[in-house]
Amino acid sequence: MKKINLFFLLLCFFACTRLSAQVAATPPMGWNSYNCFGSAVHEDEVKANADYMAEHLKQYGWEYVVVDFLWSYDNPPGSNIGNPFQLRLQDGSYVPWLTMDKWGRLTPQPTKFPSAFGGNGFKPLGDYIHSKGLKFGIHVMRGIPRQAVWSKSPVKGTNGITADMVADTNSKCPWMNHMYGLDMKKPGAQEYLNSLLELYASWGVDFIKVDDLSRPYSNAEVEGYQKAIQQCGRPVVLSLSPGETPVAQAAHATKYANMWRMADDFWDNWKEILHMFEYAKSWEGVGGPGHWPDCDMIQIGKLSKRGPVGQERYSRFTEDEEYTHMTFWSIFRSPLMIGGNLPENRDFELNLFTNDEVIAVNQKGSSPKQLYKKDGAMIWYSQIPGSKDIYAAFFNIGDDDKSISLNFKDLGLKGRVTVRDLWKKQDVGQYSSGYQQKINKHGAALFRLSPKN
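The rules behind these values
- Residues numbered from 1 in each chain as written.
- Predicted model: local features only at pLDDT ≥ 70, side-chain atom pairs only at ≥ 80, totals over all residues.
- Heavy atoms only, no water.
- Helix = DSSP H or I, 4+ residues; strand = E, 2+ residues; numbered from the N terminus.
- Rg over C-alpha atoms; globule rule 2.2 N^0.38 Å.
- Buried < 20%, exposed > 50% of the residue type's maximum accessible area, 1.4 Å probe, protein only.
- Contact = heavy atoms within 4.5 Å.
- Pairing = 2+ DSSP bridges.
- 1 Å grid on protein atoms, 1.4 Å probe; cavity = no way out; pocket = protein on both sides within 12 Å on 5 of 7 lines; lining within 4 Å.
- Points joined across faces, edges and corners; volume = space filled by probe spheres on them.
- Phe/Tyr/Trp six-rings, centres within 6.5 Å; stacked < 30°, edge-to-face > 60°.
- Lys NZ or Arg CZ within 6 Å of the ring centre and 35° of its normal.
- Axes fitted to C-alpha atoms, helices over the stretch in contact; angles between N-to-C directions.
- Polar contact = N/O pair within 3.5 Å; in protein donor to acceptor, adjacent residues only side chain to side chain.
- Expected span 1.5 Å × (residues − 1).
- Core = buried A, V, L, I, M, F, W, Y, C linked by side-chain atoms within 4.5 Å.
- Salt bridge = Lys/Arg side-chain N within 4 Å of Asp/Glu carboxyl O.

Turning our attention to the overall build of the chain. Within the chain one finds 12 helices and 23 strands. Whereas a compact globule of 453 residues would reach a radius of gyration of roughly 22 Å, the chain reaches 23 Å, a difference of no more than 12%. If one aligns the C-alpha atoms of the chain with their principal axes, the spans along those axes are about 75 × 60 × 40 Å. Across the 453 residues that make up the chain, the buried fraction comes to 57%. By sequence separation, contacts in the chain at least 24 residues apart represent 72% of the contacts at least 6 residues apart.

Our next topic: the environment of D211. Note on placement: D211 falls in strand β9 (residues 207-211). By relative accessible area, which is 7% here, D211 ends up buried. Expressed as a C-alpha distance, the spacing of D211 and E319, which sit 108 residues apart in the sequence, is 31 Å. When sequence neighbours within four positions are dropped, the list of residues in contact with D211 reads H139, V140, M141, R142, W175, S241 and P242.

With that settled, consider the sheet that holds strand β6 (residues 144-145). On the basis of which strands lie adjacent, the open sheet formed by 3 strands has the order β6-β8-β7 and antiparallel pairing. In this open sheet, the two edge strands, each paired with only one partner strand, are β6 and β7 (167-172). Summarising the sheet, β6 and strand β8 (residues 179-182) pair through 2 bridges and their orientation is antiparallel. Considered in β8, the bridge of P145 is made with M179.

Take Q109: it is sitting in the loop between β4 (94-95) and α4 (123-131). For Q109, a relative accessible area of 12% corresponds to the buried category. Once residues lying within four places of it in the same chain are set aside, the contact partners of Q109 are W71, S72, Y73, D74 and T99.

In the structure shown here, the tally under the stated rule is 2 cavities of 30 Å³ or more. Its boundaries defined by the atoms lining it, the largest cavity holds a volume of some 180 Å³. Lining of the largest cavity is provided by 17 residues; of these, W71, L106, V140, M141 and M179 occupy positions nearest its centre. Contributing elements (two or more residues each) for the lining of the largest cavity: β5 (135-141) and α6 (189-203).

Moving on, we come to the packing of aromatic side chains. Applying the stated criterion across every chain, the model contains 27 aromatic pairs. With centroids separated by 5.8 Å and ring planes inclined at 85 degrees, the aromatic side chains of F332 and W380 adopt a geometry described as edge-to-face. You can see F332 sitting in helix α10 (residues 319-332) and its partner W380 sitting in strand β17 (residues 377-383), a full 48 residues away along the chain. Residue W380 is classed as buried on the basis of its relative accessible area, which comes to 0%. Clustering of aromatic rings is evident, with ring pairs tying together F266, F277, F317, F328, W329, F332, W380 and F395. Lying over the aromatic face of Y372, K374 brings its terminal NZ or CZ to 5.2 Å of the ring centre.

The next subject is the sheet that holds β9. Ordered in space as β12-β11-β10-β9-β5-β2-β1-β15, the 8 strands form an open sheet in which the pairing is parallel. If you trace the sheet from one side to the other, it starts and ends with β12 (292-294) and β15 (336-338), each paired once. Averaged over all adjacent pairs, the angle separating strand axes in this sheet is 25 degrees, with direction ignored. Bridge count between strand β1 (residues 29-32) and strand β2 (residues 64-67): 3 bridges; the pairing is parallel. By the bridge assignment, W31 is partnered in β2 with V65.

To continue, consider the side chain of N258. Among the secondary structure elements, N258 is positioned in the loop between α8 (250-256) and β11 (259-261). You can call N258 buried: its relative accessible area is 9%. At 3.0 Å, the side chain of N258 forms a polar contact with the backbone oxygen of G290. Other than its neighbours up to four places away in sequence, N258 contacts V23, A24, V236, V237, L238, G290, H291 and W292.

Here we come to helix α3 (residues 43-57). For α3, with 15 residues, the first-to-last C-alpha span of 20 Å sits near the 21 Å given by 1.5 Å per residue. Among the residues of α3, those classed as buried are E43, E45, V46, N49, A50, Y52, M53 and L57. If you follow the buried residues of α3, they end up packed against β1, α2 (34-37), β2, α4, β15 and α11 (347-353).

In this section: the nonpolar core. Counting 124 residues, the largest nonpolar core has W62, I138, I144, Y200, I208 and F328 as the members making the most contacts within it. Considering each element in turn, this core owes the most residues, 9 residues, to α6. Ignoring anything within four residues of it in the chain, the contact list for F328 reads M276, F277, A280, C295, M378, W380 and F395.

Should their charged atoms come close, side chains of opposite charge can pair. With the rule as written, the count across this model stands at 27 salt bridges. We note a salt bridge from D296 to R261, for which the minimum N-O separation is 3.4 Å. With D296 in the loop between β12 and β13 (302-303) and R261 in strand β11, this pair connects stretches of sequence that are 35 residues apart. For D296, a relative accessible area of 4% gives the class buried. Here the salt bridges do not stand alone but share partners, grouping K302, K305, E312 and E344 into one network.

On their own, these measurements won't tell you what the molecule is for.
This is the structure:
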């Protein structure tokens, strides 16, 4: 009997190891609904973005389609409200009441997701996305719904434990009051998270973005979500949001999460790109297979169709700034999650997302580092495993056009070096001591350096 139990435990261990090894081995790439639809994305719009991704982007590695927050909330027609606070009625119940099952688990609102009607949840939408050869993700808020605590919803997998017995009513999100935190020391708290991941796995969820988890950093709940993922029987990417995730928690985040936000919400403003360079420098050397510091979504394309920030628009970044945006997210190896509405991409946006040589920098580079940052110029570089070649990204972060120079000795390169411009997909030439290029203000260039010796 003991031999059988030991054999079973070993099988479970290796199964979990295989599941973990399959998750986010390279930075995840996909689309997220938040920046173009806020809380009010509808099923047909999710499908339209999945269709576009399958037709135009999938072959380049883009694969995740993520429904962001408040999918259990019934937005009034025309509403752009992103964080409707719940109010309490005389009997203590909450309005608006979020769509929820008998186990205190939020489910998709059928008005926005008609295929969820009749208790189907997100399974029909997940099946549709999977039928395109893509992967399905959802956003969730940390903790347990306050309305489940009020209604004393039973916790699935327990004997008599209810939501009010596992909630930490002192743990609240400051910007959306729908949830309480979980007291992970209480019996039934882990079982509640297990029940969530069991439900999500039944829907075919491949990615969960857990909000209100990184600021302040909730160690016990981060561990709880990962434990729930490991028992759900399905590989699931765990993304922590929003930042600023404390750098002091790097070891913990690396162990328990697949990606985590370095900063608060990023939008199409040049000053925010400048700030992101600073965040990235503080996380230098931390990213690697299965764990990635996250610069946040890519603010390129049609944004804010229904909020949440500003009027409907194409990105306010200039074309040079968009090249800088994509170049830095690529060289730093941030997850690449597009925030714009894909069907409204123009040729310029599509070209930014479909350059296989640039995407390779994100997916295949190793150990990105900043070489220097001075006088309005900055260079980052990364290694190419199995090769002596190096990726190098030049950034003009000043307000005037300027030449940016690289001394090959600073990267350990000797002899003649072939310089290939990855955005233009053409060789520039061979150089022996260094390379210099004039770059527009707020612009960038990305190169592959190949030593001939």
